[in-house]
Amino acid sequence: MKWFLRIGAALLLLAGLAAATLALYVMRARPLVDGVLPVRGPLADLVIERDAQGVPTIRAASPEDAWFGLGFAHAQDRLWQLETHKRIAAGRLAEAFGPAAVETDRFLRALGVRRAAAEQWAKADAATRRALEAYAAGVNAWRRQHLRARPPEFLLLGIEPEDWTPVDSLAWSIMMAWDLGGNWGTELLRLRLSLSMPVERVAQLLPPPGGEAPPPVRDYATLFRRLGLAAGETGTASASPSSLFARVVGEGAVEGAGSNNWVVAGSHSASGAPLLANDPHLKLSAPALWYFARLHAPGLEVAGATMPGLPVVVLGQNRNLAWGFTNTNPDVQDLYLERLDPRDPGRYQTGEGGARDGERWARFESFDEVIKVKGASDVRFTARRSRHGPVISDAGSAATAGLLGESEHGAPRYAIALRWTALDPDPGAVSAGLAFNRAGSVEEFISAAARYTAPMQNMVVADREHIAFVAAGRVPLRKAENDLRGLVPAPGWDARYDWDGFIDADQTPREIDPPRGWIATANQRIHGPLYPHYLTSEWAAPYRHQRIEQLLAATPRHTLESLASIQRDELSLATRRLLPQLRAARSDHPLAAEAQRLLADFDGTMAADRPEPLIVWAWVRQLTQALFADDVGAALYERQLGSRSFREALENVLERDDTSWCDDRGTPAVETCAMQRDAALTRALDELAAAHGHDVSRWRWGDAHHARAEHRPFSKVPALARWFELRAPVGGDTFTVNVSRVGLRPDAATGELYLNEHGPSLRALYDLADPQRSRVMHSSGQSGLVFEPGYRDFLQPWQRAEYLPLWGDGAPASHRLVLQSR
């Protein structure tokens, strides 16, 4: 009995010691937010005051010290996020995460993000350099001088945080442009599809939105066959990547990853001054991509959404104006097939536009890459760059597999290179961002936007008197004889496909003080038929923009509350378009009558507490697969569901009653669209009954449609995911103003359908009459420490589309930290 007591006492002692150790660790890992800290780096003392929500107000004697303080605060609250940003952009994930990250590292090394950032740093002007250096010094001051315990991710992975550099900031700016630009993936998809179907059919599967005609192009299917590209095993080559960070590389632009913004003139507001709204739709993450901050220094009074890694308020308000962005999604990426010299694969054919010293062949620039892999041997490969840009096929990833042709000796005949504006040696995006923060008027803001490079954004801006929109960014000019229009990879040796300069910065679309009294953008076409330049044919579907227009026109005098109601709107015009087809579906399923009874009165509002949205999306998923998977190929179709829904193609096929798509190629019978429509309803009801029971009235959209904020990398570890990732049931869908993209591909880890991983990463409302009334919210919390309440305390208010005051509520600071300059 004594032994049992002694063992029990020992176990209790060990448990107590473990709890005490954990408590000590948590206490030491928390950042110091009160008192005085001597710090090497700032030019003078500065103060970081935090309110009850953890939002810092940084008061400094100079802009340089304000940027230092922002870097310091980012490191205090988001050190692990900074580390992942650094490693992603540098292609150094495998050092921390092992072999599962090698594929992503290879792609990012081949893309050359960090090489491009180093070239941009060499070209940066003095003002940009001062900001980036001050910010990096602030990050490193916390890490080197005052970090007492590493955040838990570092401990669990056994790694140390590294210094931050100005090149890391520029590299992360490039990665944000990558996340918002995906034309390269669509080019590869068109190439793959054209190996098994004619160009006209590819255009029907990937049509421009809004019923527009596709751009006239040459018969590229015949071109690729003539170049020796065969269909081959495209299904295997296009299987979903297994990389731990596959979404970093991605398959191209993600449907639903767009944004909304609108600005209302004082003539249409109750206060008589402009109002501005913005909600960028990005990948939801834990912690959020955004971090709120307020900067106060001589000549710098600005508040809003910052991004850990950058020394600017990306979206926000200063004492004179407010601004918001949506993605223009222009075609600023072109792929080129570089024909390899059969006698020397280190050379490629140039053609007239790129011949050097009159020679027909040029040598690739090459870079020897060594990827260090945790728990495994180093991976070595050579990355190359042609006159067009980085050779992305050197990554050896699934994206380009099977598309390089094959010589008689089995070697590749081609390499695939990428020309992309964001890789140019011009740090204009950061330079412009710094200027936006200090702009004094709409006119000054538009002038600063001329410096902006990538990613091209639809910027709305307002001061107390004026409102405006400008599409800012660098867009290539394509030659009149370019008959591929950037829609598919072009022969790199043919000079007609080379870019011919860029659209002048003052010639991009813009609008100032329109008579209608408001401006709205939602990734839709932003110019009329008379605009002289080609931007893209891959605009977003117009549904969100149309709904915003309806709601803006419905209220004569807007307030912040009316703008908030627009941001909460969940009526899906896309669903309304398909409802007649769904209501016409016939099924002998025992639940069909009840489902159709509910759908008869459904107005398309995708509310989380209703069953109808769940029925709609289950039917859409089943029908889309039935119509297109047999033509596309099962593996390629499954992969594409990660980024697109083929919604425009589905709408067009049903409205044309196009049997050529509705017929199932795998059966001898000829299926009509009505037959597929009916069968899809039956399969959808089977699916929903199995997942949610047989009482249709108890089904709820929010039970399936969860917003999931992914943690890198612990969302991939089931034992840790429940602690590190954030979830909430939400309404809306891919096409509502209150966007919540509907995932149609089963989740790789859980098998869940209809997850929402892209949504309003930030909501912001700005009042130009009284900035104290401006309000914001992002999707997680300010802290990146999982054990802190501030890791998740914004999640529920974000779910309800609530806000917190941008400039603070006037209450005394909850915490005050003085950084005392040494």
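Below or above, wherever it landed, is the structure these notes cover. Please read these numbers as outputs of a predicted model, since none were measured by experiment.

### A few points about the overall build of the protein chain
Secondary structure assignment for the protein chain yields 27 helices and 29 strands. Computed over C-alpha atoms, the radius of gyration of the protein chain comes to 27 Å, within 12% of the 28 Å expected from 2.2 N^0.38 for 822 residues, which places it in the range of a compact globule. By its C-alpha atoms, the protein chain is 80 × 75 × 75 Å across when sized along the principal axes. Counting only contacts in the protein chain whose residues sit at least 6 apart along the sequence, the fraction spanning at least 24 positions is 72%.

### Considering the nonpolar core
Core analysis: the largest hydrophobic core is formed by 237 residues, its most contacted members being Phe 72, Phe 224, Trp 323, Phe 436, Trp 619, Phe 628 and Tyr 754. Looking at which element gives the most residues to this core, the answer is helix α20 (residues 612-632), with 13 residues. Setting aside residues up to four positions removed in sequence, Phe 224 forms contacts with Leu 191, Ser 194, Leu 195, Leu 229, Leu 337, Val 488 and Pro 489. Within the second largest apolar cluster, 17 residues are counted, among which are Ala 277, Leu 551, Ile 566 and Val 737.

### Remarks on the sheet that holds strand β3 (residues 56-59)
Here we have eleven strands laid out as an open sheet, ordered β1-β29-β2-β3-β6-β7-β8-β9-β16-β17-β21, and mixed in their pairing. Unpaired on one side and paired on the other, β1 (35-39) and β21 (510-512) mark the two borders of the sheet. Strand-to-strand twist in this sheet, taken as the mean axis angle between neighbours without regard to direction, amounts to 20°. Judged from the five bridges that link them, strand β7 (residues 300-306) and strand β8 (residues 313-318) form a sheet pairing that is antiparallel. Bridged to Val 302 within β8 is Asn 318.

### Examining the side chain of Thr 57
You can see Thr 57 is positioned in strand β3. On the basis of relative accessibility, which here comes to 8%, the residue Thr 57 falls in the buried class. Those residues in contact with Thr 57 that lie beyond four places of it in its chain are Val 47, Ile 48, Glu 49, Arg 294 and His 296.

### Describing helix α9 (residues 183-194)
A rise of 1.5 Å per residue sets the reference length of α9, with its twelve residues, at 16 Å; its end C-alpha atoms lie 16 Å apart and thus fit the reference within 8%. Asn 183, Trp 184, Gly 185, Thr 186, Glu 187, Leu 188, Leu 189, Arg 190, Leu 191, Arg 192, Leu 193 and Ser 194 are the residues of α9 that are buried.

### A few points about the packing of helix α2 (residues 63-90) against helix α6 (residues 126-146)
Across the interface, α2 lies against α6 with an axial gap of 7 Å and an inter-helix angle of 50°. With respect to α6, the axis of α2 lies oblique. The two elements α2 and α6 meet at a crossing, and its hand is right-handed. Judged by residue contacts, Glu 64, Trp 67, Phe 68, Leu 70, Gly 71, Phe 72, His 74, Ala 75, Gln 76 and Leu 82 of α2 engage Arg 130, Ala 131, Ala 134, Tyr 135, Ala 137, Gly 138, Val 139, Ala 141, Trp 142 and His 146 from α6. Of the residues contributing to the contact of α2 with α6, the split by class is 13 nonpolar, five polar and two charged.

Reading guide: rules and limits
- Residues numbered from 1 in each chain as written.
- Predicted model: local features only at pLDDT ≥ 70, side-chain atom pairs only at ≥ 80, totals over all residues.
- Heavy atoms only, no water.
- Helix = DSSP H or I, 4+ residues; strand = E, 2+ residues; numbered from the N terminus.
- Rg over C-alpha atoms; globule rule 2.2 N^0.38 Å.
- Contact = heavy atoms within 4.5 Å.
- Core = buried A, V, L, I, M, F, W, Y, C linked by side-chain atoms within 4.5 Å.
- Buried < 20%, exposed > 50% of the residue type's maximum accessible area, 1.4 Å probe, protein only.
- Pairing = 2+ DSSP bridges.
- Axes fitted to C-alpha atoms, helices over the stretch in contact; angles between N-to-C directions.
- Expected span 1.5 Å × (residues − 1).
- Parallel < 35°, antiparallel > 145°, perpendicular 65-115°, else oblique.
- Left-handed = near helix turned anticlockwise from the far one by under 90°.
- Nonpolar A, V, L, I, M, F, W, Y, C, P; charged D, E, K, R; others polar.

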